[in-house]
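# Structure assessment
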Amino acid sequence: MIALLRRDLVLAIRAGGGFGLGLAFFLILCILVPFGVGPNPDLLARIAPGILWVGALLACLLSLDRIFQLDFEDGTLDLLATSPLPLEGVATIKSLAHWLTTGLPLTLGAAPLGQLMNIPQDAVFWLVCGLALGTPALSVIGTFGAALTVGLKRGGLLISLLVLPLYMPTLLFGADAARRGAEGLDATTPLLLMAGISAGCVALLPFATSAALRMNLR
Amino acid sequence: MDVKIENVSCSRGDRTVLSNVSFHVKSGRALILRGANGAGKTTLLRCLAGLTPPITGALSFSPDDVAYSAHADGLKSQMSVAETLEFWGKVYGAADIMPAVGAFDLKSLLDRKTQFLSAGQKRRLSLARMVLTRRAIWVMDEPTVSLDAHAVSQFARAVETHLSAGGTAIIATHIELGLHNAAVLDIGTFQAEETVETDPFLDEAFL
């Protein structure tokens, strides 16, 4: 399992991998939105937490179809499915690798990039907390969507349609926590609910993912 | 390990391709599958490897005893030969990759990225993975594609070594490998009649 994780990380970092794709998208968004909104720091500060959450979600979506598609196309997925690794374990490791290459950099990058959006200082802590607790759910749900569409050529659009509704609760609670933080309210309730969603997804979805993979490999 | 299958029917997509396939391969022997293109060789092999469960019939072994080698090489272009073998070695719990390197003469290529390998070299690397699996039953789909005559004999030697250690091999191929303990089976004789699917859940309306 560790070997698979290391292999996925190495592949993501080397040329042609997906590492940095999400972060670059996030960076571009944070640079462009202030230009789009215009010279209005108050408005920008008010929408910043929401924009950052939507950006994180879309950045995550961007790299989903790579999770299984490349392994499927070159035949590696067949070999992994017949290897001693349980397919549930493969699914978990794939989610973890996806989180380490997109969710974690986004979480770490949100605080400095938020400054570009004039984010209220009180909100930064809650935004980063929210991203740390919420992005694992995004990766795990996304891996499930990727497994459902693995046999399809250019399944990217379908993944988005399947996965976006499932991302809604995470987005709502995450943005709410950041908003409450910005207004100086207590934000623990939405964070706890989001942590619950993440924990539930991490515990249950790998089984659904492996079932979807088995169906698609037939 | 003995491989015995009885009355196995396999499907590809929603079409039944083969029906009532039965054979018995004793430990230490190989079975060569022959058949025209589209006869169902790959379908049968995927079924034996546990990727597609058989519709009917019984397999005498668990998919955990099978090492599967597919049409596709399953290589990552950004990884070197040594990294590839070490990865699969770890997956299968084989610490030493040198037996696989030796069997397919990959020593001089160890540091090379797989994207810079020729098609035949990639094939050799992909086959070397089989040695690392240390599983009793080798199920191989057209293993000799793009191999030259020398590499084919190397491959045949690797299979012989596997067989002499009590293993079994089921190989779909069109060329003569020169194996000593090999039987040949033409799977064209097991072609399924066109059957109408009666399972309502497989109806197109539900897909």
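Residues numbered from 1 in each chain as written. Chains lettered and ligands numbered in written order. Predicted model: local features only at pLDDT ≥ 70, side-chain atom pairs only at ≥ 80, totals over all residues. Heavy atoms only, no water.

### Thoughts on the state of the cysteines
Residues and elements named next belong to chain A. Formally: Note on terminology: disulfide denotes any pair of cysteine sulfur atoms within 2.5 Å. Note on exposure labels: buried denotes an accessible area under 20% of the residue type's maximum, exposed denotes more than 50%, and partly exposed covers the range between, all computed with a 1.4 Å probe on protein chains only.
Summed over all chains, the structure comprises zero disulfides over all chains. You can see Cys129 has no disulfide; the closest cysteine sulfur is in Cys30, sitting 18 Å from it. Overall, Cys129 belongs to the partly exposed group, its relative accessible area being 22%.

### A few points about the nonpolar core
Heads up, the condition is: Only buried Ala, Val, Leu, Ile, Met, Phe, Trp, Tyr and Cys residues count toward a nonpolar core, and they belong to the same one when joined by side-chain atoms within 4.5 Å. A run of H or I in DSSP counts as a helix once it spans at least four residues, and a run of E counts as a strand once it spans at least two, with each numbered from the N terminus.
Among the nonpolar cores identified, the biggest contains 128 residues, and Phe23(B) and Leu44(B) are the most heavily contacted of them. Among the elements that line this core, the one with the most residues is helix H7 (residues 121-148) of chain A, at twelve residues.

### Description of the packing of aromatic side chains
For clarity, the threshold we go by: Working definition: a ring pair exists when centres of Phe, Tyr or Trp rings (six-membered ring for Trp) sit within 6.5 Å. Plane angles under 30 degrees give stacked, over 60 give edge-to-face, the rest tilted. Any Lys NZ or Arg CZ that is within 6 Å of a ring centre and within 35 degrees of that ring's normal is treated as a charge sitting over the ring.
In this structure the tally under the stated criterion is three aromatic pairs over all chains. Ring geometry for Phe87(B) against Trp88(B): centres 4.9 Å apart, planes inclined by 65 degrees, an arrangement best described as edge-to-face. Exposure class is identical for Phe87(B) and Trp88(B). Each is buried. An aromatic cluster is built from Phe87(B), Trp88(B) and Tyr92(B), whose rings are joined through pairwise contacts. Taking the ring centre of Phe87(B) as reference, the NZ or CZ of Arg7(A) above it sits at 5.1 Å.

### Considering the interface of chain B and chain A
Our working rule: Here, two residues are considered to be in contact whenever any of their heavy atoms come within 4.5 Å of each other. The term buried area refers to how much accessible surface (probe radius 1.4 Å) is lost by two components on association, counted for both of them together. Salt bridges are defined as contacts in which a side-chain nitrogen from Lys or Arg sits within 4 Å of a carboxyl oxygen from Asp or Glu. In protein, a polar contact means a hydrogen-donor-capable atom and an acceptor-capable atom, both N or O and within 3.5 Å, with residues adjacent in sequence counting only if both atoms are side-chain atoms; elsewhere, any N or O pair within 3.5 Å suffices.
Across the contact, 23 residues belong to chain B and 24 residues belong to chain A. Regarding the contact of chain B and chain A, the summed buried area is about 2,100 Å², with carbon and sulfur atoms giving 61% of it. Three residues, Lys76(B), Gln78(B) and Phe87(B), lead the burial of chain B against chain A; their summed loss comes to 27% of the area buried on that side. Linking chain B with chain A are four salt bridges, by the criterion used here. With a closest N to O distance of 2.9 Å, Asp74(A) and Lys76(B) form a salt bridge. If you look at where chain B meets chain A, you find nine residue pairs in polar contact (both at pLDDT 80 or more).

### Concerning the confidence of the model for chain A
We apply this condition: Confidence scores per residue from the predictor, reported as pLDDT, run from 0 to 100.
Averaged over all residues, the pLDDT of chain A is 89; the fraction at 70 or higher stands at 98%. Within chain A, the element-level pLDDT minimum falls on helix H1 (residues 2-13) of chain A, averaging 86, and the maximum on helix H9 (residues 188-217) of chain A, averaging 93.

### Overview of unusual backbone geometry
Residue and element names in this part refer to chain B. A positive phi angle, close to 55 degrees, is found at Asn20, a residue other than glycine. Structurally, the position occupied by Asn20 is in strand S2 (residues 15-25). In the Ramachandran plot, Asp105 falls in the positive-phi region, its phi being about 55 degrees despite a non-glycine side chain. Of note, Asp105 is situated in the loop between helix H3 (98-103) and helix H4 (119-133).

### A word on helix H6 (residues 87-116) of chain A
Residues and elements named next belong to chain A. In plain terms, the rule: Helix span, as expected, comes to 1.5 Å for every residue beyond the first. Fitting axes to the seven residues that end at a residue and to the seven that start at it, the angle between those axes gives the bend at that residue.
Taking 1.5 Å of rise per residue, 30 residues should cover 44 Å, and H6 covers 42 Å from first to last C-alpha, within 8% of that figure. The axis of H6 is deflected most strongly, by about 50 degrees, at Ala110, and proline Pro112 appears within four residues downstream. The positive-phi residue at the C-terminal boundary of H6 is Asn118, with phi of around 60 degrees.

### Quick word on the confidence of the model for chain B
A residue-level look at chain B finds 93% of positions with pLDDT of 70 or above and a mean pLDDT of 85. Model confidence for the complex: the whole-complex pTM is 0.88, and ipTM, which rates the interface, is 0.85.

### A look at the pattern of salt bridges
Across all of its chains, the model carries 15 salt bridges over all chains by this definition. A salt bridge links Asp71(A) to Arg7(A); its shortest N-O distance comes to 3.0 Å. Here the residue Asp71(A) occupies a position in helix H4 (residues 66-73), and Arg7(A) occupies one in helix H1, the gap between them amounting to 64 residues. Taking relative accessible area as the criterion, Asp71(A) reaches 3% and is therefore assigned buried. Look at Arg7(A) and you get buried, because its relative accessible area is 4%. Between Asp71(A) and Lys94(A) there is a salt bridge whose closest N-O contact spans 2.5 Å. Highlighted residues: Asp71(A) in helix H4 and Lys94(A) in helix H6, separated in sequence by 23 residues. Both residues of the pair, Asp71(A) and Lys94(A), count as buried. Counted as one network, the salt bridges with shared partners bring together Arg7(A), Asp8(A), Asp71(A), Asp74(A), Lys94(A) and Lys76(B).

### Here we look at the sheet that holds strand S4 (residues 56-59) of chain B
Residues and elements named next belong to chain B. Applicable threshold: A strand pair is defined by DSSP finding two or more bridges across the two strands. Between N-to-C directions, angles span 0 to 180 degrees; the directions come from axes that are lines fitted to C-alpha atoms, helices contributing only their stretch in contact.
Strand order across the open sheet formed by three strands is S2-S1-S4, with antiparallel pairing between neighbours. Sheet topology places S2 and S4 at the edges, where each strand pairs with a single neighbour. Direction aside, neighbouring strands of the sheet carry axes that sit 25 degrees apart on average. Relative to S4, strand S1 (residues 3-12) runs antiparallel, the two sharing three bridges. Directly across from Ile5, in S4, lies its bridge partner Leu59. Along the sheet face, helix H1 (residues 41-48) touches S1, S2 and S4 and points at about 120 degrees away from the line of S1.

### Topic: a nonpolar patch on the surface
Residue and element names in this part refer to chain A. For clarity, the cut-off: Patch membership needs two things, relative accessible area over 30% and no salt bridge, and members are linked within 9 Å if like-charged or within 5 Å if nonpolar (Val, Leu, Ile, Met, Phe, Trp, Tyr). Throughout, the Shrake-Rupley method with a 1.4 Å probe supplies accessible areas, and for residues the shown protein chains are the sole cover considered.
Taken together, the side chains of Leu27, Ile28, Ile31, Leu32, Phe35 and Leu116 make up a nonpolar region of the molecular surface, amounting to roughly 590 Å² of accessible area. The element that contributes the greatest number of residues to the nonpolar patch is helix H2 (residues 21-37), accounting for five residues. Looking at the secondary structure, you find Leu116 in helix H6.

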